[in-house]
Amino acid sequence: MTRPGTASGGTGRQPLRRLVVVGSGIAGLYAALQAADAERGGAAEVVLLSKGQLEHSNTFYAQGGVSAVLEPGEAAPGDSVEAHIADTLAAGAGLNNTDAVRVLCTEAAEDIAGLRRFGVTFDANARGDTALGLEAAHSAPRILHAGGDATGARIARGLIAAVLERAVSGQLRLETGAFVTELTTAHGRVTGVEYLQNGEPRSMPADGVLLATGGAGRIFARTSNPSVATADGLALAWRAGAAVGDLEFFQFHPTTMAMPETAGGPPPLLVSEAVRGEGALLLDADGRRFMPDYHPDAELAPRDVVSRSIALHLARTGAPADTPVYLDARGIEAANGSGFLARRFPTIDAATKAAGYDWTAEPLPVSPAAHYWMGGVVTDLAGRTSVPGLYAAGEVACTGAQGANRLASNSLLEGLVFGRRAVEAFLSPGPGWVSHDSTAPRAVSAAGGLPLTHASAALSRDFAGEAASAETPEGVVMTVPDAGVFSREALGRLMTSAAGVLRTGPDLDAAALQLALWADSIGSAEASDPREHEDRNLLLAARLLVAAARKRTVSVGAHYRADTDPAPAPTHSMQRISS
């Protein structure tokens, strides 16, 4: 196999440039396929690394679907790309990069066609046309589903089959159980990866590395994310010197089943936005519908609004913060006939029955859970980060398309569009985008002309100053109880209490101090156990999030400060602080 920068024998052919794709969700799988199928006759040697099995990703659990305005004749009557753009900007609370949003929505149909080429089929209506669903904060039906509420699993299986086919034929190299521990760098650019394969250290040089590692829901106590969502890509990029941004914006899905998670099992069942799109209502413990009291769109309000409304309603009624509310879908079944819920939402129907609930006859207990991180590794519109040779796509990236709050069903789409664009940038000639200012890369394209705020400009690479102090500063009231020694459970409790749906300055200050204490006791970077590396990554992600949330003292989008007024003029945040 030809190594980067080496000749390919005496054949006279140009050496292949190696692209290492890290992650096996929709962005990683689709990007690897795009690179392997490039029409330039072996334009790249493609290596796909996954720390678990290929199915272990957020994508596999996605239910809601993929948003896209299809070509004329397939799109819903009256819908348009401009309407999709407007809905995305509205959900993002003014913090979107408008250029990124336009790319996302304009190129959606192209990548839906790409999925179809790789064997993914979408649900059809009774006329045989592509079925289009309506979800919260969308102005028209434009959500494509596959297998009802099994969209993510169907897409993942289709892409995985295509990847395996190309791995067998030699078009790409696939390694599972490969946990990347470090990005190697030389002369200011990324040159490869260090990783653990079954506990053994390995290295792989590369001309480009594309991070598609997903999110970080496991920093919270309740999350819809699977166990692999441990902020690995964000931590890798940050330690390599890449800029990160908008990390205070973490979306909580309002309706996950309020039941204990089984160790080693799937995450708590997410009851899709589409259920509320079909007409399900939210009730409190007294059976009263409360969402109309908090937003004119009621249950169809954006996710951050619904999650926050649940928390505020519990506080208003004096209920403990972890009290569930109830999702009532009985009216949907009554209006559409017996068996409708099972046909429309087969995954949810089977899971609720397995949990002992009959949602055709009783409401489901639900609670908000950490779901999606809008912030991440800052990229341009071609997936390039501030470090040459390093690309990012999907949830790990911050393209600016999502703004301060992601519109429902835009996440799978973003992984597709910007995963493809990152591959196109890698394959294209020329050095690409390079910034020598790591604190404020691509200031114009990142924020659509909005001014940038450097969320941690006062914090040094070694966390000097307030964030490093293990003592309580004068005037700080420790409102978060002492969390004791570090564990993932303790981290989750701390982050949910201090940096969850509702936040205050004192809670965030106390959390920063506790996280600094834990950072002094966490394991070595030389560990051979991937779980120890995950712990370091989770702790770093938590510190970055809390630092950003402390700097943004007003509420906007998914970041809600219960101790301040809403923001009149939102701005982006950028971070450069140390592990």
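Relevant structure appears above.
Since the structure is predicted, the reported quantities are computational estimates derived from the model, not experimental observations.

A. Spatial organisation of the side chain of glutamine 34. Tracing the sequence through the fold places glutamine 34 in helix α1 (residues 26–36). Those residues in contact with glutamine 34 that sit more than four places away from it in its chain are Phe118, Arg420 and Val423.

B. Structural view of the sheet that holds strand β14 (residues 364–373). Taken in spatial order, the four strands line up as β11-β14-β13-β12 in an open sheet, and their pairing is antiparallel. In this open sheet, the two edge strands, each paired with only one partner strand, are β11 (250–257) and β12 (281–283). Pairs of neighbouring strands in the sheet enclose a mean axial angle of 45 degrees, with direction left out of account. Two strands pair when backbone bridges link them, and strand β13 (residues 325–328) and β14 are joined in this way by three bridges, in the antiparallel orientation. Bridge assignment links leucine 327 to a residue of β14, and that residue is leucine 364.

C. Just α1, in detail. Counting buried positions along α1 gives 11 out of 11 residues, so the element sits mostly inside the fold. If you check which residues of α1 are buried, you get Ile26, Ala27, Gly28, Leu29, Tyr30, Ala31, Ala32, Leu33, Gln34, Ala35 and Ala36.

D. Local environment of the packing of aromatic side chains. Applying the stated criterion to the full structure yields 10 aromatic pairs. On the basis of an interplanar angle of 85 degrees and a centroid distance of 6.4 Å, the ring pair of phenylalanine 290 and tyrosine 294 is categorised as edge-to-face. A relative accessible area of 0% places phenylalanine 290 in the buried class. Taking the centre distance of 5.5 Å and the plane angle of 80 degrees together, the rings of phenylalanine 486 and tryptophan 518 count as edge-to-face. Taken together, the residues phenylalanine 486 in the loop between β18 (452–454) and α15 (488–499) and tryptophan 518 in helix α16 (residues 505–519) connect sequence positions 32 residues apart. With respect to burial, phenylalanine 486 and tryptophan 518 carry one shared label: buried. Taken together, Phe220, Phe250, Phe252 and Trp373 form an aromatic cluster joined through their ring pairs. The ring of phenylalanine 426 carries arginine 17 above its face, with NZ or CZ at 4.1 Å from the centroid. Here the guanidinium or amino end of arginine 406 rests over the ring plane of tyrosine 372, the centre of that ring lying 4.4 Å away.

Cut-off values and rules
Residues numbered from 1 in each chain as written. Predicted model: local features only at pLDDT ≥ 70, side-chain atom pairs only at ≥ 80, totals over all residues. Heavy atoms only, no water. Helix = DSSP H or I, 4+ residues; strand = E, 2+ residues; numbered from the N terminus. Contact = heavy atoms within 4.5 Å. Pairing = 2+ DSSP bridges. Axes fitted to C-alpha atoms, helices over the stretch in contact; angles between N-to-C directions. Buried < 20%, exposed > 50% of the residue type's maximum accessible area, 1.4 Å probe, protein only. Phe/Tyr/Trp six-rings, centres within 6.5 Å; stacked < 30°, edge-to-face > 60°. Lys NZ or Arg CZ within 6 Å of the ring centre and 35° of its normal.

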